[in-house]
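Analysis of the macromolecular model
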Amino acid sequence: MSETPPAPLHLGRSSTLPSSPEEAVLDYVPNPRAGALYLVRFAAPEFTSLCPVTGQPDFAHLVIDYAPDQTIVESKSLKLFLGSFRNHCGFHEDVTVGIGQRLFDEMRPRWLRIGGYWYPRGGIPIDVFWQSGPVPDDLWVPDQGVQSYRGRG
């Protein structure tokens, strides 16, 4: 028997940006198509966090794909969670994988992957990818559509 998620904290209410990812509360609502195998994609093309060494801003294009099970993540709470990283210091790897693992651990989807396409730091772009396991049979998973960093031209 699955438990019913609590009522959403942010949906339809005024919400402030959490000061840290740890403070952020992600809301989950019942999957309106539970039992159907489908993919949900969120893209955050202007994601920011801070370099843990210099404190300077880092920028990324995040793409989160998941196949829901009993719940889906409420998009406003996801937006606030991602925004809470603007003052968070973390290496690209830690930030990208941490977001994917938190969503997977809390939402318990059938499958989840995240692509973090980071803009250059020190002249080197860093792309970070994580997924929860093998892609479920019969799930259509399109390419994330983000090209590797090319610089100008």
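Residues numbered from 1 in each chain as written. Predicted model: local features only at pLDDT ≥ 70, side-chain atom pairs only at ≥ 80, totals over all residues. Heavy atoms only, no water.

Turning our attention to the sheet that holds strand E6 (residues 127-131). Read from one edge of the open sheet, four strands run E2-E3-E5-E6, paired in antiparallel fashion. Since the sheet does not close on itself, it has two edges, and those belong to strand E2 (40-50) and E6, each with one partner. Within this sheet the neighbouring strands show an average axis-to-axis angle of 15°, counted without direction. Relative to strand E3 (residues 57-67), E2 runs antiparallel, the two sharing nine bridges. When the bridges of E3 are listed, Phe42 appears paired with Ile64. (Pairing = 2+ DSSP bridges. Helix = DSSP H or I, 4+ residues; strand = E, 2+ residues; numbered from the N terminus. Axes fitted to C-alpha atoms, helices over the stretch in contact; angles between N-to-C directions.)

Where empty space is left can be seen by rolling a probe of water-molecule size over the atoms. Estimates place the volume of the second largest pocket at around 230 Å³. Counting only elements with at least two residues in the lining of the second largest pocket, the list comes to E2 and helix H1 (75-83). In terms of residues, the lining of the second largest pocket owes the most to one element, E2, which gives six residues. Split into classes, the residues belonging to the lining of the second largest pocket amount to six nonpolar, three polar and three charged. (1 Å grid on protein atoms, 1.4 Å probe; cavity = no way out; pocket = protein on both sides within 12 Å on 5 of 7 lines; lining within 4 Å. Points joined across faces, edges and corners; volume = space filled by probe spheres on them. Nonpolar A, V, L, I, M, F, W, Y, C, P; charged D, E, K, R; others polar.)

On to the side chain of Asp58, then. Residue placement: Asp58 occurs in strand E3. A polar contact is formed between the side chain of Asp58 and the side chain of Arg121, at a distance of 2.2 Å. (Polar contact = N/O pair within 3.5 Å; in protein donor to acceptor, adjacent residues only side chain to side chain.)

Taking 1.5 Å as the rise per residue, helix H2 (residues 92-107) with 16 residues should run 22 Å; its terminal C-alpha atoms sit 23 Å apart, in good agreement. Turning to H2, its buried residues are His92, Val95, Thr96, Ile99, Gly100, Leu103 and Met107. The arc that holds the buried residues of H2, viewed along the axis, is 120°, so those residues lie on one side. One or two positions beyond H2, positive phi appears at Arg108, with a value near 55°. (Expected span 1.5 Å × (residues − 1). Buried < 20%, exposed > 50% of the residue type's maximum accessible area, 1.4 Å probe, protein only. Arc of directions from axis to C-beta.)

Any two side chains of opposite charge can pair if their charged atoms end up close together. Summed over all chains, the structure comprises four salt bridges. Residue Asp58 is joined to Arg121 by a salt bridge in which the shortest nitrogen-to-oxygen separation is 2.2 Å. Of this pair, Asp58 sits in strand E3 while Arg121 is found in the loop between strand E5 (111-118) and E6, placing the two residues 63 residues apart along the sequence. The buried category is assigned to Asp58, whose relative accessible area is 6%. Its relative accessible area of 24% is what places Arg121 among the partly exposed residues. Here Glu106 and Arg102 are joined by a salt bridge, their closest N and O atoms 2.8 Å apart. Note that Glu106 and Arg102 are positioned in helix H2 at a spacing of four residues, about one turn of the helix. Looking at Glu106, the relative accessible area reads 32%, which means it is partly exposed. Salt bridges sharing partners connect three or more residues here, namely Arg41, Asp65 and Arg113. (Salt bridge = Lys/Arg side-chain N within 4 Å of Asp/Glu carboxyl O.)

Each regular strand carries side chains that alternate between the two faces of the sheet. Here E6 shows a clear split, with Val128 and Trp130 buried on one side and none of Asp127, Phe129 and Gln131 buried on the other. Across five bridges, E5 lies against E6 in antiparallel orientation. Bridge pairing in E6 places Gly116 opposite Val128.

With respect to the element layout, Leu62 can be found in strand E3. Judged by its relative accessible area of 0%, Leu62 falls in the buried class. On a C-alpha basis, the gap between Leu62 and Ala43 in space is 5.7 Å, while along the polypeptide they are 19 residues apart. Here Leu62 is in contact with Phe42, Ala43, Ala44, Phe47, Leu82, Ile99, Gly115 and Gly116, once residues within four sequence places are set aside. (Contact = heavy atoms within 4.5 Å.)

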